[in-house]
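The primary structure of each chain is shown beneath.
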Amino acid sequence: DEAVDSARLTRRLAGKFSGRAHVRLASLDTAALDVVGELGVSVWPLMATLLGVDLLVGAGGYHTVYEARITGTPLLAVPRMRMYDRQSRRLAPFERVTDDRDCLQRVGEFLDSGHSQRTLKAPLEKSGVDDAVEAIIRTMTRRHSS
C-alpha cells in the first residue's frame with residue numbers, strides 16, 4: 001500500500017533528521033496515520049497548508065505537483081506507476097527521486113543547503129491565479145466537510 005509506504009518513509013525521515021526538521025505525514029488514510037502515530041495529521045485540502053511547508057515529499061500526482069508549484073513549495077517526489085498518469089513526465093528532473101534512500105539523501109542536501117525555513121510574504125497584488133486557488137480551496141473544503 002502506497003500510503004503505508006509513505007508512512008514508513010515519514011518515520012525514517014523523522015528519525016534521521018530529528019532536531020533538524022519537523023516531519024509530518026499529511027494523509028486521510030487511517031492505516032498510514034496509525035503507522036506514524038503523532039507524526040501524522042489528517043488534512044484536506046493539503047494545498048491550504050503548503051505555504052507553511054519548507055519541503056514537500058510525496059509522489060508525482062497531478063495535485064501534489066501543481067499545488068507545490070503554485071505555492072512555490074519545493075518538492076521531492078517518487079513517480080508512481082499509473083495506467084493513465086505519467087507522473088515521471090510531470091516531474092522536473094530536480095524534483096524526481098528514485099527511492100527512499102535517494103529521498104533521504106536529497107532531504108539531507110536540502111537541509112544542508114539552507115533553503116529550509118523560507119520566509120513567506122503575502123503578494124503585493126493578487127492575480128487571477130490567487131483567486132482561482134482560493135476558490136478551489138473553498139470548494140474542496142465545503143465538499144469534504146459535507
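Residues numbered from 1 in each chain as written. Predicted model: local features only at pLDDT ≥ 70, side-chain atom pairs only at ≥ 80, totals over all residues. Heavy atoms only, no water.

A. Local environment of the pairing of strand S3 (residues 56–59). Note: S3 against strand S4 (residues 75–78), 4 bridges, orientation parallel. The residue bridging valine 57 from the neighbouring strand is leucine 76, located in S4. (Pairing = 2+ DSSP bridges. Helix = DSSP H or I, 4+ residues; strand = E, 2+ residues; numbered from the N terminus.)

B. Broad picture of helix H5 (residues 100–113). End to end, H5 covers 20 Å across 14 residues, agreeing with the expected 20 Å (1.5 Å per residue, within 8%). Residues Asp102, Cys103, Leu104, Arg106, Val107, Gly108, Phe110 and Leu111 constitute the buried set of H5. One side-chain oxygen of the residue at the start of H5 lies 3.2 Å from the amide nitrogen of arginine 101, identifying that residue as aspartate 99. After H5 finishes, the residue glycine 114 shows a positive phi value of roughly 85 degrees. (Expected span 1.5 Å × (residues − 1). Buried < 20%, exposed > 50% of the residue type's maximum accessible area, 1.4 Å probe, protein only. Polar contact = N/O pair within 3.5 Å; in protein donor to acceptor, adjacent residues only side chain to side chain.)

C. Region of interest: the nonpolar core. Leu13, Phe17 and Val107 are the most contacted members of the largest nonpolar core, which totals 19 residues. Contributing elements (two or more residues each) for this core: helix H1 (2–16), helix H2 (30–36), S4 and H5. Looking at this core element by element, the count peaks at 5 residues for H5. Not counting the four nearest positions on each side in its chain, phenylalanine 17 is found in contact with Leu104, Val107, Gly108 and Leu111. (Core = buried A, V, L, I, M, F, W, Y, C linked by side-chain atoms within 4.5 Å. Contact = heavy atoms within 4.5 Å.)

D. The confidence of the model for the protein, seen in detail. Here the protein averages 86 in pLDDT, and 87% of its residues register 70 or above. Between residues 119–124, whose pLDDT stays under 50, and residues either more than four places distant or in other chains, the model counts 3 contacts. (pLDDT = per-residue confidence, 0-100.)

E. Main features of the pattern of salt bridges. Overall, the coordinates contain 6 salt bridges when judged by the stated rule. In this structure, aspartate 5 and arginine 8 form a salt bridge, with 3.3 Å as the shortest nitrogen-oxygen distance. Of this pair, aspartate 5 and arginine 8 both sit in helix H1, 3 residues apart, which is roughly one turn of that helix. In this structure, aspartate 112 and arginine 20 form a salt bridge, with 2.5 Å as the shortest nitrogen-oxygen distance. One end of the pair, aspartate 112, is in helix H5; the other, arginine 20, is in the loop between H1 and strand S1 (25–26), with 92 residues separating them in the sequence. Judged by relative accessible area, which is 58%, aspartate 112 ranks as exposed. (Salt bridge = Lys/Arg side-chain N within 4 Å of Asp/Glu carboxyl O.)

F. Fine view of the environment of proline 74. Relative to the helices and strands, proline 74 resides in the loop between helix H3 (62–71) and S4. For proline 74, a relative accessible area of 28% gives the class partly exposed. With 21 residues separating them along the chain, proline 74 and valine 53 place their C-alpha atoms 8.5 Å apart.

G. Seen up close, the packing of aromatic side chains. The full count for this structure, using the stated rule, is 1 aromatic pair. Pairing tyrosine 62 with tyrosine 66 gives two aromatic rings, centres 4.7 Å apart and planes at 55 degrees, and the pair type is tilted. One end of the pair is tyrosine 62 and the other is tyrosine 66, both in helix H3 and 4 residues apart, which spans about a single turn. (Phe/Tyr/Trp six-rings, centres within 6.5 Å; stacked < 30°, edge-to-face > 60°.)

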